[in-house]
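Each chain, letter by letter, is given below.
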Amino acid sequence: MKKIVMTMAAALVAVSMSAQVYVGGSLGIGSVKNGNADAETVFKIIPEIGYNVSDELAFGVALGYEKGNCDLMTENNFSANKDTKVFQVSPYVRYTFLNTNLVNVFVDGGVDFKSYKDQGTGLNFGLKPGVALKMSEKLSFVTHVGFVGYKSFNPKGDGDTSNKVGVDLNGTNINFGLYYNF
């Protein structure tokens, strides 16, 4: 039995050493002031883990938590001063179409599911273009810019779902993060 456990442990170590796993994510903090209300501190933390199948293809998932004045599709359904808490799960497939020694240009195709506490749920399908700057062999600075696809938001108890299809490439839809590559 001891030999079987040791063999399995050695195999697991060998697989993980040859695996192209990355971990990282993004953090954000800011202050939002709506009208005459007091300023509100907002933050988000989105850890991420992924696996590079090849130089061009990767799979990953991001799990996030956001607190504050979050991006809701239909602001008229919600009080602008409401303290919102959001949990998100975002699995994706990444295709890297430009891979150099310094920069990778990629697009993530995935699904975002967001649960807004006491307010409703959101579901997004689409593409997020991005760039990874290789700072060292193990560390990368990553940014996503924009979203192309479908977004929906279903308010709790209302049933009046909001839907949006299109391209969202504005200055508020930029995300920065760091990845550590094993």
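Given the structure is predicted, the values throughout are model-derived calculations rather than measurements.

*Asks:* Describe the pattern of salt bridges, and please don't skip the residues or the numbers.
*Replies:* Under the criterion given, the structure shown has four salt bridges. A salt bridge links Arg94 to Glu48; its shortest N-O distance comes to 3.7 Å. Here Arg94 is found in strand β4 (residues 84-99), whereas its partner Glu48 is found in strand β2 (residues 40-52), with 46 residues between them in sequence. Of the two residues, Arg94 and Glu48, both sit in the buried class. In this structure, Lys151 and Asp168 form a salt bridge, with 3.5 Å as the shortest nitrogen-oxygen distance.

*Asks:* Tell me about the packing of aromatic side chains, and name the residues and values.
*Replies:* The final tally for this structure, using the stated rule, is six aromatic pairs. Measuring from centroid to centroid gives 6.0 Å for Phe43 and Tyr65, while their planes differ by 50°, and the two rings are tilted. With Phe43 in strand β2 and Tyr65 in strand β3 (residues 57-68), this residue pair connects regions lying 22 residues apart in the sequence. A ring pair is formed by Phe141 and Phe176, whose centres lie 5.7 Å apart and whose planes are at 20°; its orientation type is stacked. Here Phe141 is found in strand β7 (residues 139-145), whereas its partner Phe176 is found in strand β10 (residues 174-181), with 35 residues between them in sequence. Since its relative accessible area comes to 33%, Phe141 is described here as partly exposed. Its end group placed over the ring of Phe106, Arg94 keeps NZ or CZ at 4.0 Å from the ring centre.

*Asks:* Please give an account of the layout of surface pockets that cites residues and values.
*Replies:* Of the pockets and cavities examined, the second largest pocket occupies roughly 520 Å³. Around the second largest pocket sit 23 residues that line it, and Gln20, Asn52, Asn104, Lys134 and Asn181 are the ones nearest its centre. Elements supplying a minimum of two residues to the lining of the second largest pocket: β3, β4, β5 (103-116), β6 (120-134), β7 and β10. Here the residues of the lining of the second largest pocket are counted per class, giving eight nonpolar, nine polar and six charged.

Thresholds applied
Residues numbered from 1 in each chain as written. Predicted model: local features only at pLDDT ≥ 70, side-chain atom pairs only at ≥ 80, totals over all residues. Heavy atoms only, no water. Salt bridge = Lys/Arg side-chain N within 4 Å of Asp/Glu carboxyl O. Helix = DSSP H or I, 4+ residues; strand = E, 2+ residues; numbered from the N terminus. Buried < 20%, exposed > 50% of the residue type's maximum accessible area, 1.4 Å probe, protein only. Phe/Tyr/Trp six-rings, centres within 6.5 Å; stacked < 30°, edge-to-face > 60°. Lys NZ or Arg CZ within 6 Å of the ring centre and 35° of its normal. 1 Å grid on protein atoms, 1.4 Å probe; cavity = no way out; pocket = protein on both sides within 12 Å on 5 of 7 lines; lining within 4 Å. Points joined across faces, edges and corners; volume = space filled by probe spheres on them. Nonpolar A, V, L, I, M, F, W, Y, C, P; charged D, E, K, R; others polar.

By themselves, these are just geometric observations and shouldn't be taken as functional.
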